[in-house]
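# Structure assessment
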Amino acid sequence: MSQDDTERKMLLQEFAKCRSCRFCVDVCPTYQASEGVESFSAYGRVQIIKYLFSGMLPFDDSLVYCLYSCLQCRRCDVVCKSKGQNLDVCELILRGRRLLSKRLERGGKHAKL
Ligand code: SF4
Ligand code: SF4
């Protein structure tokens, strides 16, 4: 198993801990700026990465935009942890971006995730 495959598996395991409580949605500044588009919230980004890397969501430039528009402000982390969850959402989004950028380097839409 390659290093990328291992990382993808670890990311999916982390995301499986998300309880879909959506406490991280309203606090996200990009969600607020989008006037309510969930893909621009922390929870939306978690779902995008999860489904992209599990092969259930086709690669799309708009999804990349959703991931890269995250400001890394950590407001989602604070809420997620304060509500008793244990996800470092901000860090997971970064790791998802890293894997995605490797794919883009290897050939964009047609490279295997
Ligand atoms: S607050 Fe944490 S557990 Fe709840 S939806 Fe957001 S990422 Fe998932
Ligand atoms: S770190 Fe990203 S996802 Fe989390 S609240 Fe800030 S902008 Fe939203």
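Residues numbered from 1 in each chain as written. Chains lettered and ligands numbered in written order. Predicted model: local features only at pLDDT ≥ 70, side-chain atom pairs only at ≥ 80, totals over all residues.

### Observations concerning the site of ligand 2
Taken together, 14 residues sit near ligand 2, with Cys28, Ala42, Cys70, Cys73 and Cys76 positioned nearest. Mapped by element, the contributors of at least two residues to the shell around ligand 2 are α3 (29-33), α4 (42-53), α6 (75-82) and α7 (89-107). Considered class by class, the residues forming the shell around ligand 2 number nine nonpolar, two polar and three charged. (Near = placed C-beta within 6 Å. Helix = DSSP H or I, 4+ residues; strand = E, 2+ residues; numbered from the N terminus. Nonpolar A, V, L, I, M, F, W, Y, C, P; charged D, E, K, R; others polar.)

### Here we look at the confidence of the model for the protein chain
On average, residues of the protein chain carry a pLDDT of 89, and 94% of them reach 70 or more. For the protein chain, the element scoring lowest by mean pLDDT is α7, at 87; α3 scores highest, at 98. (pLDDT = per-residue confidence, 0-100.)

### Considerations on the environment of Arg45
Structurally, Arg45 is set in helix α4. Taking the number of C-beta atoms within 10 Å as the measure of exposure, Arg45 has 29 and is therefore buried. For the pair Arg45 and Leu92, spaced 47 residues apart in the sequence, the C-alpha separation amounts to 9.6 Å. Excluding anything up to four places from it in sequence, Arg45 contacts Cys66, Leu67, Cys70 and Ile93. (Buried ≥ 20, exposed ≤ 12 C-beta atoms within 10 Å, placed from the backbone. Contact = placed C-beta atoms within 7 Å.)

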